[in-house]
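# Notes for the structure review
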Amino acid sequence: MSVSGMKKQLHKASQLLNERLMGAEGTKMDDDFLQMEKSVTVLQSLLLELLCRTTEVLQPNPADRAKLSVLNTMSRIRGQGKAGGYPQTESILGDCMTHYGQELGAESEFGGALLGVGGALQQVSQARVVLDEEARRSFMEPLEELQDTELKEIRFQLKKLIGRRLDFDYKRRQRGNVSAEEIHLAWEKFITSKESVERSMFVLLQSDGDLLSRLAALVSALLDFHRNAHRILLGLHGDLQARLTAASHKPERRFRPKKIRIRQEQIGSVEVFQRPPDSSGEFTEFTSRPSSPISCFADSGLVLDQPCCRALYSFRPGYHGELSFSAGDVILLTNQVDANWYEGTLGSQSGLFPISYVDVLVPLPLQ
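Within an unreviewed UniProt entry, the label attached to the protein chain reads Endophilin-A3, and the organism entered is Dissostichus eleginoides. Of the comments in the UniProt record for the protein chain, the one headed Sequence similarities (unreviewed entry) reads "Belongs to the endophilin family."

Next comes the structure, spelled out in structure tokens:
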């Protein structure tokens, strides 16, 4: 810095101290200028907070935002493309549901529903990615450009104006020691700077139409996202309702524990079985005739060794050739007539009966 430049900075500092500490009067700006300056200051603060809050709406997790920012910076340094996108919460939840839906399998009603919900949430996540990109393109980037160009220039001009105002006021206060020509030159620089910054602020404050269009673009992007999310979730809701209806009409299945055979030995014409040891540690034996279709198991349950079924409901024949039985009866299966009727034997009676009335215990062999 030259000697004259250093002297000028000292004069400005002297004037500022006199105004702050000694109550010296400086040149006052007119009310219109002060009002525009106040509006520009509010607009500057507004844009700073608006951009920050919009980012929080689009990318709520601050840790993920910071990580994504670092990755994008490193990608730019390396000359690579943009790093991976922000991890949307719908995508994370959708991945979780899809994973466990696949683990449960599509044959599980709940597993199938999880797969459907997971897929729908992935679609909502993609819609949110589109919202993020559109909001940044049409709303945030134009406002950031406004900050970096017009507002930055106005801040620079205001700072320059303050310096020239302090220089003029100092020289005016030192009227006896400073020539009239220097005072007049300082005044002209001050007025030129004031008019320049005033014009810039006026142009900026007249750009309400551009700012309104940016705000409308943001609202439009939000509307598109919520419209798409509503469409996706509405279809998902219909699918789940259909699944609920199907599940409510599905015949109830009863639990039938599997029987475990302990040990079997063939002795002549008699089968000898051993039960598990009792409290004394002793095995007990019992026999069953080979002609009997019933074998005995560890829990004393019975298992049939030929195709059979158990009646779920009582059935009374409506036509000749149909078999009558009561709920709980065990019927030996001899044939499947078609998709709706079995042929079987109960005691000394034989006949046809509906498949939906029975629960198959031992299926017929494949034809």
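In terms of regular secondary structure, the protein chain is built from seven helices and 10 strands. Counting only residues that meet the buried cut, the protein chain has 29% of its 367 residues in that class. Within the protein chain, contacts between residues at least 6 apart in sequence are counted, and of these 56% link residues at least 24 apart.

Moving on: the packing of aromatic side chains. What characterises a pair of aromatic rings is the spacing of the ring centres plus the angle enclosed by the ring planes. This model, assessed by the stated rule, comprises nine aromatic pairs. Aromatic side chains phenylalanine 168 and tryptophan 187 sit 5.1 Å apart centroid to centroid with 50 degrees between the ring planes, which places their arrangement in the tilted category. Here phenylalanine 168 is found in helix H5 (residues 109–173), whereas its partner tryptophan 187 is found in helix H6 (residues 180–205), with 19 residues between them in sequence. Residue phenylalanine 168 is classed as buried on the basis of its relative accessible area, which comes to 7%. Measuring from centroid to centroid gives 5.7 Å for tyrosine 313 and tyrosine 357, while their planes differ by 80 degrees, and the two rings are edge-to-face. With tyrosine 313 in the loop between strand S6 (308–311) and strand S7 (330–336) and tyrosine 357 in the loop between strand S9 (349–354) and strand S10 (358–362), this pair connects stretches of sequence that are 44 residues apart.

Let us look at the pattern of salt bridges. A full pass over the atoms with the stated rule returns 13 salt bridges. Among the salt bridges present, the one from lysine 194 reaches aspartate 30, with a minimum N-O distance of 3.0 Å. Pair noted here: lysine 194 is in helix H6 and aspartate 30 is in the loop between helix H1 (3–21) and helix H2 (31–58), with a separation of 164 residues, a long-range link. You can call lysine 194 buried: its relative accessible area is 13%. Residue classification places aspartate 30 among the partly exposed residues on the basis of a relative accessible area of 31%. Each of Asp30, Lys194 and Glu198 takes part in salt bridges that share partners, so that together they form one network.

Conventions we followed
- Residues numbered from 1 in each chain as written.
- Predicted model: local features only at pLDDT ≥ 70, side-chain atom pairs only at ≥ 80, totals over all residues.
- Heavy atoms only, no water.
- UniProt positions renumbered as here; feature names shortened; annotations may be inferred.
- Helix = DSSP H or I, 4+ residues; strand = E, 2+ residues; numbered from the N terminus.
- Buried < 20%, exposed > 50% of the residue type's maximum accessible area, 1.4 Å probe, protein only.
- Contact = heavy atoms within 4.5 Å.
- Phe/Tyr/Trp six-rings, centres within 6.5 Å; stacked < 30°, edge-to-face > 60°.
- Salt bridge = Lys/Arg side-chain N within 4 Å of Asp/Glu carboxyl O.

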